[in-house]
Amino acid sequence: MTSTAPVKVRIRGLRKRFSVKGRPIEALDGIDVDVEAGAFLCIVGPSGCGKTTLLRILAGLEEKTAGTIEVARDAAGKDARERPVNAMVFQEQSIFPWMTVRDNVAFGLKARGFSRRDRYAIVEPFIRRANLGGFEDALPHQLSGGMKQRVSITRAFANDPEMLLMDEPFAALDEQTKLILQAELLRIWEESRKTVLYVTHSIDEAIVLADRILVMTARPGRVKDVVDVASVFGRPRRVEAVKESAQYGELFGRVWGALREEVMGAQAAEAVS
Amino acid sequence: MRLRWGGERLLSVLSPVLLLALWELAARTNAIDTRFFPAPSDIFAAAVTLIRTGELWDNLSITLVRLAVGFLLGAVPGIVIGLAMGLFSPVRAILQPLVDGTFPIPKIAILPLFILIFGLGEESKYAIIAVAVVYLVLINTQAGVRNIDRIYLDVGKNYHATRWMMFTDVALPGAAPLILAGLRLGMGVALLVIVAAEFVGARSGVGYQIWTSWQVFQVDRMFVYLLVTAVIGFGTAVVMTFLERVLLPWKQP
Ligand SMILES: Nc1ncnc2c1ncn2[C@@H]1O[C@H](COP(=O)(O)OP(=O)(O)O)[C@@H](O)[C@H]1O
Ligand SMILES: [Mg+2]
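Remember, it's a predicted structure, so these values are computed and weren't measured experimentally.

Here is what the cut-offs are and how they apply
Residues numbered from 1 in each chain as written. Chains lettered and ligands numbered in written order. Predicted model: local features only at pLDDT ≥ 70, side-chain atom pairs only at ≥ 80, totals over all residues. Heavy atoms only, no water. Helix = DSSP H or I, 4+ residues; strand = E, 2+ residues; numbered from the N terminus. Contact = heavy atoms within 4.5 Å. Phe/Tyr/Trp six-rings, centres within 6.5 Å; stacked < 30°, edge-to-face > 60°. Buried < 20%, exposed > 50% of the residue type's maximum accessible area, 1.4 Å probe, protein only. Pairing = 2+ DSSP bridges. Axes fitted to C-alpha atoms, helices over the stretch in contact; angles between N-to-C directions. Buried area = accessible area lost by both parts, 1.4 Å probe. Salt bridge = Lys/Arg side-chain N within 4 Å of Asp/Glu carboxyl O. Polar contact = N/O pair within 3.5 Å; in protein donor to acceptor, adjacent residues only side chain to side chain. Nonpolar A, V, L, I, M, F, W, Y, C, P; charged D, E, K, R; others polar. Left-handed = near helix turned anticlockwise from the far one by under 90°. Core = buried A, V, L, I, M, F, W, Y, C linked by side-chain atoms within 4.5 Å.

**Some points on the environment of Ile81(B)**
Residue and element names in this part refer to chain B.
And step 1. Summarising the element assignment, Ile-81 is placed in helix H3 (residues 55-87).
And step 2. For the pair formed by Ile-81 and Val-137, sequence separation is 56 residues and the distance between their alpha carbons is 9.3 Å.
And step 3. Not counting chain neighbours up to four residues away, the residues in contact with Ile-81 comprise Leu-95 and Leu-138.

**As for the packing of aromatic side chains**
And step 1. Taken as a whole and assessed by the stated rule, the structure comprises 17 aromatic pairs over all chains.
And step 2. When the centroid spacing of 5.2 Å and the interplanar angle of 80 degrees are considered together, the rings of Phe40(A) and Trp189(A) count as edge-to-face. Remark: Trp189(A) occurs in helix H6 (residues 175-192) and Phe40(A) occurs in strand S3 (residues 40-44); sequence separation between them is 149 residues.
And step 3. According to the relative accessible area criterion, Phe40(A) is buried, its value standing at 0%.
And step 4. Counting every residue linked through ring pairs, the aromatic cluster contains Phe96(A), Trp98(A), Phe107(A), Tyr152(B), Tyr159(B) and Trp250(B).

**Some remarks on the sheet that holds strand S5 (residues 86-89) of chain A**
The strands making up a sheet associate through backbone hydrogen bonding, with each pair oriented either parallel or antiparallel.
Residues and elements named next belong to chain A.
And step 1. In space, the six strands of this open sheet follow the order S5-S6-S7-S3-S8-S9, with mixed pairing throughout. The sheet is open, and its two borders are formed by S5 and strand S9 (223-228), each paired with just one other strand. Within the sheet, the average angular offset between the axes of one strand and its neighbour, ignoring direction, is 15 degrees.
And step 2. By the bridge criterion, four bridges tie S5 to strand S6 (residues 163-167) in an arrangement that is parallel. When the bridges of S6 are listed, Asn-86 appears paired with Met-163.
And step 3. Contacts from helix H1 (residues 51-58) reach S3, S5, S6, strand S7 (195-199) and strand S8 (212-216) within the one sheet, and its direction differs from that of S6 by about 150 degrees.
And step 4. Helix H5 (residues 145-158) contacts S5 and S6 of the sheet and is inclined by roughly 180 degrees relative to S5.

**Section: the interface of chain B and chain A**
And step 1. Across the boundary between the two partners, chain B contributes 18 residues, which contact 25 residues of chain A.
And step 2. Carbon and sulfur atoms supply 66% of the area buried between chain B and chain A, which totals about 2,000 Å² over both sides.
And step 3. On inspection of chain B and its partner chain A, the count reaches two salt bridges.
And step 4. Residue Asp154(B) is joined to Arg56(A) by a salt bridge in which the shortest nitrogen-to-oxygen separation is 2.8 Å.
And step 5. Remark: the boundary between chain B and chain A carries eight residue pairs in polar contact (both at pLDDT 80 or more).
And step 6. At seven residues, helix H7 (residues 150-158) of chain B tops the list of elements feeding residues into the side of chain B that touches chain A.
And step 7. Its residues placed into classes, the side of chain B that touches chain A shows 10 nonpolar, five polar and three charged.

**Here we look at the pairing of strand S1 (residues 7-20) of chain A**
All names here are of chain A.
And step 1. Taken together, the 11 bridges between S1 and strand S2 (residues 23-36) define a ladder with antiparallel strand orientation. Counterpart to Leu-14 in the pairing with S2 is Ile-31.
And step 2. The turn joining S1 and S2, which pair antiparallel and follow one another in sequence, is formed by two residues; a positive phi near 50 degrees is taken by Lys-21.
And step 3. When S1 meets strand S4 (residues 66-71), the two strands line up antiparallel, connected through five bridges. For Val-9, the partnering residue across the bridge sits in S4 and is Val-71.

**Re the pairing of S9(A)**
Residues and elements named next belong to chain A.
And step 1. Looking at chain direction, S8 and S9 are connected through five bridges and run antiparallel. Bridged to Ile-213 within S9 is Val-227.
And step 2. Two successive antiparallel strands, S8 and S9, enclose a turn made up of six residues.

**Focus on the sheet that holds S2(A)**
All names here are of chain A.
And step 1. Read across the sheet, three strands follow the order S2-S1-S4 without closing on themselves; strand pairing throughout is antiparallel. This sheet does not close on itself; its edge strands, each paired only once, are S2 and S4. Strand-to-strand twist in this sheet, taken as the mean axis angle between neighbours without regard to direction, amounts to 20 degrees.
And step 2. Packed onto the sheet, H1 meets S1, S2 and S4 and runs at close to 115 degrees relative to S1.

**With respect to the side chain of Ser124(B)**
Residue and element names in this part refer to chain B.
And step 1. Considering the arrangement of structural elements, one finds Ser-124 in helix H6 (residues 122-146).
And step 2. Residue Ser-124 is classed as buried on the basis of its relative accessible area of 0%.
And step 3. Leave out the neighbours within four places in its chain, and Ser-124 touches Phe-114, Ile-115, Phe-118 and Gly-119.

**With respect to the packing of H3(B) against H6(B)**
Residues and elements named next belong to chain B.
And step 1. One way to put it is that H3 packs onto H6 with a least axis distance of 6 Å and a crossing angle of 30 degrees. By crossing handedness, the relation of H3 to H6 is classed as right-handed.
And step 2. A breakdown of the residues in the contact of H3 with H6 according to their chemical character gives 20 nonpolar, seven polar and four charged.

**Structural notes on the nonpolar core**
And step 1. Ranked by internal contacts, the top residues of the largest apolar core, which has 117 residues, are Phe107(A), Leu185(A), Leu197(A), Tyr198(A) and Ile213(A).
And step 2. At 13 residues, the largest contribution of residues to this core is made by helix H8 (residues 163-201) of chain B.
And step 3. Non-local contacts of Leu185(A), meaning those with residues more than four positions away in its chain, are made with Phe40(A), Ile153(A), Phe157(A), Met166(A), Phe170(A), Tyr198(A) and Leu209(A).

Below you can see the structure in the form of structure tokens.
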């Protein structure tokens, strides 16, 4: 990303302390980061370092303990129908088992007050572009894991948020499905260029998708390093082309270098406790 | 595999037939006391008579109406109160001790009180069934709401679902499997309670007929009405299964 793009999210000194049975647990210990509008930011870090917590705070599902989050709204009004600030794609299975694919995808639009006819018309092309055409009336239990995640992502895109928060959406999928969905995600994202904060534990996935990779320290989470990918791999981007290139290994080494000691540290801490 | 399955099915059909045949044989040869266990053919003959005179249908329909009215009077408030208790903690704080304190009372024990209040008419029957049903439905509904996976509430919140949508699109369908389980349990208990209530607190109905048949020692009639209760139990189970199919398509294999 060019540094001239306006900042969409400015996070300063973000802290989160949980209290478990009266004992404080520091999850986030002063996160500072700027995310440019339209940028795809990947967040990697050892497990338990607070990645999910960071997204949940941004999603309004968790209160922050300290710090500031400024989001530059595209348009600010009081109309419930206006574009929402964010939509979250959750790590675990989160589509409603009792709703059809169409109703799942249209959930956000329904909450915003669109009539049934309007919202079905709006979600139609999203469903088609996500290769879910023909499954509009299917129930989630009839879908494969990969298709369920497609529905979850499509639900977020169809609501047209200013910012997408994605928490390891492909973590539970097999390698081939993951490759296909990554390519799909890139294609759909490149059409809309929304600001994305994407958590992953896969360095490979981060390089393939990201403009910048934010590496977090072991818990309590801080920013360890920010690795620029956009200057190496431009857009539109092809998953295969990225993986075949020589710079891929270089980037991988850089991210892994930053991550390795944190992961080992986290494991040592786990062994002690 | 297929053959074995077919064979097992045959066995399942054969075993009751065989039992009936043995019973008939034992009765005819006086190997068992026919005063207590009349021959199946005699029971069948009694059933035919009861059907022909219309007596069976009269009593069956009376019991079915009591079941249906009492069940609805218990199930609807059970669902509403259960949802309220599951969703709103103040409601839970107020009602939980009352529920916990009164639930252990065997419901049939309240029958004399209800007869005192409502008399021997239909109302006392409705009331006793309703009370038996309301607890099971309420407790299951509440558990259904409270056990909804947090993730679905998070999705609702992240997408700014209104309170009403949280209720209609998340809480209600999320709790539906347990609500229906509660209704099924409630139906079973309702049948138990109505038969017992009709023993002593009614002048008609299937339970009343079982009781009077015993008192006048018409054991074949008693067996016919016992059979009727089995059919009612089976019938309500079929209805519940049908409801689950229709209301919970997402739970079907
Ligand atoms: N609701 C919660 N209550 C208490 N502790 C929590 C809660 N959510 C997360 N944590 C703790 O905060 C830390 C960060 O968790 P999380 O953000 O889920 O990590 P990550 O997504 O990076 O694996 C972990 O130690 C976790 O146990
Ligand atoms: Mg996580």
